[in-house]
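Structural overview for review
For reference, the chains in residue letters:
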Amino acid sequence: YATVLQFLVENNFKIEAVVSSNSSMKIFFPIFKKMKFRKLKNVRDLNVLYNLSKITITIPSLDFKKGFPQKVFDVALGRNFQLVEFKDNLLKNFSENIISFKSLAELKDLTTRHLQESDLERSVKADRIYRNVLEKHTYVNRIKEILNLL
């Protein structure tokens, strides 16, 4: 996580990060002084930040070897554009609608390219993921999948 943030800051991207505590991060990574950190009080604050962002970058914790975090769904349901670190099950669950990256160089290229797009273009892409979540990732769909396993 810190490595990705450092890379983006070093490449002159304007970054706002949501963290639980940023005090030690600025000590170990002095370049983070160029970033804005937010501590959120509630989920509503997080949704406001997503809506203010042109691009949300989703980086799963190391616990997610193949899967992806709830944040992918949260950002999608907010109809916000996101770039997601590639995980094996990502394409299986979102098909070609999700935009993922496998390396820092690819993240830089994708971020640069999508920042050059209009808000409307990013919104259309975000809307595809939103519709995908509503069609395929509801509780009803999950229950049907479980029942099919029985």
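Moving on, we come to the nonpolar core. Ranked by internal contacts, the top residues of the largest apolar core, which has 22 residues, are Leu 8, Ile 15, Phe 32, Met 35 and Leu 83. Mapped by element, the contributors of at least two residues to this core are helix H1 (2-10), strand E5 (99-101) and helix H6 (104-116). Counting residues per element, this core draws most heavily on H1, which supplies six residues. Aside from chain neighbours lying at most four places away, what touches Met 35 is Leu 5, Val 9, Ile 15 and Ala 17.

Note that His 114 resides in helix H6. A distance of 2.9 Å separates the side chain of His 114 from the side chain of Glu 117, its partner in a polar contact. Those residues in contact with His 114 that sit more than four places away from it in its chain are Ile 55, Phe 81, Leu 83, Ile 99, Arg 122 and Lys 125.

Quick notes on the rules
- Residues numbered from 1 in each chain as written.
- Predicted model: local features only at pLDDT ≥ 70, side-chain atom pairs only at ≥ 80, totals over all residues.
- Heavy atoms only, no water.
- Core = buried A, V, L, I, M, F, W, Y, C linked by side-chain atoms within 4.5 Å.
- Buried < 20%, exposed > 50% of the residue type's maximum accessible area, 1.4 Å probe, protein only.
- Helix = DSSP H or I, 4+ residues; strand = E, 2+ residues; numbered from the N terminus.
- Contact = heavy atoms within 4.5 Å.
- Polar contact = N/O pair within 3.5 Å; in protein donor to acceptor, adjacent residues only side chain to side chain.

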